[in-house]
Amino acid sequence: MAAKSSSEWDLRQLQVHLSETNASGVFLIVGEEAYLVGEALSALKQSFSSVTAAMDFNFEQVYASEATGESVRDRVETLPMMAEKRMVIVRGATAWKRIGNR
């Protein structure tokens, strides 16, 4: 399955994609169903951890209400340690829309 850009996937399509390829790029996970959002995040983390030996050093989760866009950018741009990739999860990114230009 080729990567889909600018289209909507359901949880099953994400799981199939991750089973066929290594997670790479930016994933925007949104939805009203908290369970399905959690399952999508778990699938991404599992895919990432299966190819990243130093998960403790290369995984961060932040809450948008407690972080600025600049601080998230800094985390994303941080080079991975003893691995090829890093994973940064930003929870509640819609808070930035409510707060304004942080």
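Residues numbered from 1 in each chain as written. Predicted model: local features only at pLDDT ≥ 70, side-chain atom pairs only at ≥ 80, totals over all residues. Heavy atoms only, no water.

J.: When you look at the pairing of strand β2 (residues 87-91) in this model, what are you seeing that I'm missing?
T.: Note on strand geometry: in a regular strand, side chains alternate between the two faces of the sheet. Here 5 bridges tie strand β1 (residues 59-63) to β2, and the two strands are oriented parallel to one another. Residue pairing in the sheet places valine 62 in a bridge with valine 90 of β2. In this fold, β1 hands off to helix α3 (residues 69-77), which returns the chain to β2; that crossover is right-handed. (Pairing = 2+ DSSP bridges. Helix = DSSP H or I, 4+ residues; strand = E, 2+ residues; numbered from the N terminus. Right-handed = clockwise from strand over helix to strand, strands pointing away.)

J.: So what exactly am I meant to see when it comes to helix α1 (residues 11-20) here?
T.: Along an α-helix, residues three or four positions apart point the same way, because every turn accommodates 3.6 residues. Among the residues of α1, Leu14, His17 and Leu18 are the ones counted as buried. Burial along α1 is one-sided: seen end-on, the buried residues are contained in an arc of 95°. Facing away from the buried side of α1, by more than 90 degrees, are the exposed residues Arg12 and Ser19. The elements touched by buried residues of α1 are α2 (34-51). Near the N-terminus of α1, the side chain that reaches the backbone nitrogen of arginine 12, with its oxygen 3.2 Å away, is that of aspartate 10. (Buried < 20%, exposed > 50% of the residue type's maximum accessible area, 1.4 Å probe, protein only. Arc of directions from axis to C-beta. Contact = heavy atoms within 4.5 Å. Polar contact = N/O pair within 3.5 Å; in protein donor to acceptor, adjacent residues only side chain to side chain.)

J.: Can you help me understand unusual backbone geometry in this one?
T.: As a rule of thumb, non-glycine residues mostly have phi less than zero, and peptide bonds are mostly trans rather than cis. The phi dihedral of methionine 82 falls on the positive side, at around 55°, and the residue is not glycine. Here methionine 82 is to be found in the loop between α3 and β2. Its relative accessible area of 62% is what places methionine 82 among the exposed residues.

J.: Can you walk me through the layout of surface pockets in this structure?
T.: Summary: where empty space remains is shown by rolling a probe the size of a single water molecule over the atoms. Quantified by volume, the largest pocket comes out at close to 950 Å³. Along its surface, the largest pocket is lined by 28 residues, and Phe27, Leu28, Val88, Ile89 and Val90 are the ones closest to its centre. Sorting the residues of the lining of the largest pocket by element identifies α2, α3 and β2 as the ones contributing at least two each. Partitioning the lining of the largest pocket into residue classes produces 18 nonpolar, 5 polar and 5 charged. (1 Å grid on protein atoms, 1.4 Å probe; cavity = no way out; pocket = protein on both sides within 12 Å on 5 of 7 lines; lining within 4 Å. Points joined across faces, edges and corners; volume = space filled by probe spheres on them. Nonpolar A, V, L, I, M, F, W, Y, C, P; charged D, E, K, R; others polar.)

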